[in-house]
Amino acid sequence: MLSREKDIARRYLECRGPFGPRGSLVSAARRATERRWVGWGLVAGAAALVPWMWVLTATMPSTTTVSNWSAAWVGLDAMEAAALLGTGALLLRRDPRYGLCAAVAGTLLAVDAWFDVMTATPGPARTSAIMVAAGLELPLAALCAALAARSFTQRGAMIDVPVNGDRQSVEGSAADG
């Protein structure tokens, strides 16, 4: 490799951050330390949410008037559609990254089911919300969760898998040019 190409490759690997590919200029010990800090930070964030939920339970009103209600629901449905489209398109292309889209789609569908049921007025509206959640949204969310889990167990997570230096490839795929 020419000196200029090596310099470009080195700078590229340096700018990828602590979670760059193995073999990058960032040491494995440093990556492990930074991952540990990020992990503990996320655990601390989850722990901080527990007292916050108690505050919300004690202080929030049980009913309220909301502006942009329809825009919020249309936005959530648009995100679900995009995640399902991404999952389907990547599955059809046999791209192993479909699992990431499937995880997002499943999460959005479960959130949609939860809020549909919890915000529906008692009576026929709530019955309808429960039926849609149980008959459509939650089974589809479970399918997406299964697809996501399968994608990570087939070849392992597609993160930090070094192939061809800084590029990733799938077994059996054509070599990069």
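Rules used in this analysis
- Residues numbered from 1 in each chain as written.
- Predicted model: local features only at pLDDT ≥ 70, side-chain atom pairs only at ≥ 80, totals over all residues.
- Heavy atoms only, no water.
- Helix = DSSP H or I, 4+ residues; strand = E, 2+ residues; numbered from the N terminus.
- Buried < 20%, exposed > 50% of the residue type's maximum accessible area, 1.4 Å probe, protein only.
- Contact = heavy atoms within 4.5 Å.
- Areas by Shrake-Rupley, 256 points an atom, 1.4 Å probe, with all protein chains shown as cover.
- Patch = residues over 30% accessible without salt bridge, like charges linked within 9 Å, V, L, I, M, F, W, Y side chains within 5 Å.
- Salt bridge = Lys/Arg side-chain N within 4 Å of Asp/Glu carboxyl O.
- Axes fitted to C-alpha atoms, helices over the stretch in contact; angles between N-to-C directions.
- Parallel < 35°, antiparallel > 145°, perpendicular 65-115°, else oblique.
- Left-handed = near helix turned anticlockwise from the far one by under 90°.
- Expected span 1.5 Å × (residues − 1).
- Core = buried A, V, L, I, M, F, W, Y, C linked by side-chain atoms within 4.5 Å.
- Disulfide = S-S within 2.5 Å.
- Phe/Tyr/Trp six-rings, centres within 6.5 Å; stacked < 30°, edge-to-face > 60°.
- 1 Å grid on protein atoms, 1.4 Å probe; cavity = no way out; pocket = protein on both sides within 12 Å on 5 of 7 lines; lining within 4 Å.
- Points joined across faces, edges and corners; volume = space filled by probe spheres on them.
- Nonpolar A, V, L, I, M, F, W, Y, C, P; charged D, E, K, R; others polar.
- pLDDT = per-residue confidence, 0-100.

Brief notes about the overall build of the protein
- Counting its secondary structure elements, the protein contains five helices and zero strands.
- Along the protein, helices (α) and strands (β) appear in the sequence α-α-α-α-α when read from the amino end.
- The buried share among the 177 residues of the protein stands at 21%.
- Across the protein, every contact between residues at least 6 apart in sequence was considered, and the portion connecting residues at least 24 apart equals 54%.
- Entry remark: accessible area of the protein is about 12600 Å², with carbon and sulfur atoms responsible for 68%.

Observations regarding a nonpolar patch on the surface
- A cluster of nonpolar side chains, namely Leu-49, Val-50, Trp-52, Met-53, Trp-54 and Val-55, defines an oily patch on the protein surface of about 650 Å² accessible area.
- Among the residues examined, Met-53 registers a relative accessible area of 47% and is labelled partly exposed.

Some details on the packing of helix α3 (residues 69–92) against helix α4 (residues 98–119)
- Interhelical geometry of α3 versus α4 gives an angle of 150° and a closest axis separation of 8 Å. The orientation of α3 with respect to α4, classified from their angle, is roughly antiparallel. Both α3 and α4 take part in a crossing whose hand is left-handed. Judged by residue contacts, Trp-69, Trp-73, Leu-76, Asp-77, Met-79, Glu-80, Ala-83, Leu-84, Gly-86, Thr-87, Leu-90 and Leu-91 of α3 engage Tyr-98, Cys-101, Ala-102, Val-104, Ala-105, Leu-108, Leu-109, Asp-112, Phe-115, Asp-116 and Thr-119 from α4.

What to know about α4
- Between its first and last C-alpha, α4 extends 31 Å over 22 residues, near the 32 Å set by a 1.5 Å rise per residue.
- Looking only at α4, the buried set comprises Tyr-98, Gly-99, Ala-102, Ala-105, Gly-106, Leu-108, Leu-109, Asp-112, Ala-113 and Val-117.

What about the nonpolar core?
- Core analysis: the largest hydrophobic core is formed by 13 residues, its most contacted members being Ala-102 and Cys-144.
- Take this core: its biggest share by element is five residues, from α4.
- Each residue touching Cys-144, except ones within four places of it in the same chain, is listed here: Leu-84, Ala-102, Ala-105, Gly-106 and Leu-109.
- Counting five residues, the second-largest nonpolar core is a separate cluster that includes Val-117, Ala-120, Ala-129 and Ala-133.

Quick word on the pattern of salt bridges
- The full count for this structure, using the stated rule, is two salt bridges.
- One salt bridge connects Arg-30 with Glu-34, and the closest N-O pair in it is separated by 3.0 Å. Highlighted residues: Arg-30 and Glu-34, both in helix α2 (residues 28–59), separated by four residues, approximately one helical turn.

Topic: the state of the cysteines
- In total, this model carries zero disulfides according to the counting rule given.
- No disulfide involves Cys-101; its sulfur sits 9.9 Å from that of Cys-144, the nearest cysteine.
- With relative accessibility at 23%, the residue Cys-101 sits in the partly exposed group.

Description of the packing of aromatic side chains
- By the definition in use, this model includes one aromatic pair.
- Relative to Trp-73, the ring of Trp-69 has its centre 5.7 Å away and its plane inclined at 75°; by these criteria the two rings are edge-to-face. Within this pair, Trp-69 and its partner Trp-73 are both found in helix α3, separated by four residues, close to a single helical turn.

Thoughts on the layout of surface pockets
- In this structure, the largest pocket occupies an estimated 460 Å³ of space.
- Taken together, Met-60, Pro-61, Ser-62, Thr-63, Thr-64, Val-66, Trp-69, Trp-114, Phe-115, Met-118 and Thr-119 make up the full set of residues lining the largest pocket.
- Here the element with the most residues in the lining of the largest pocket is α4; it accounts for four residues.
- Here the residues of the lining of the largest pocket are counted per class, giving seven nonpolar, four polar and no charged.

What to know about the confidence of the model for the protein
- Per-residue pLDDT for the protein averages 82, and the proportion of residues at 70 or more is 73%.
- Across the protein, element-level confidence peaks in α4 with a mean pLDDT of 96 and bottoms out in helix α1 (residues 3–15) with 64.
- Throughout residues 159–163 the model reports pLDDT below 50, and contacts reaching past four residues in sequence, or to other chains, amount to twelve contacts.

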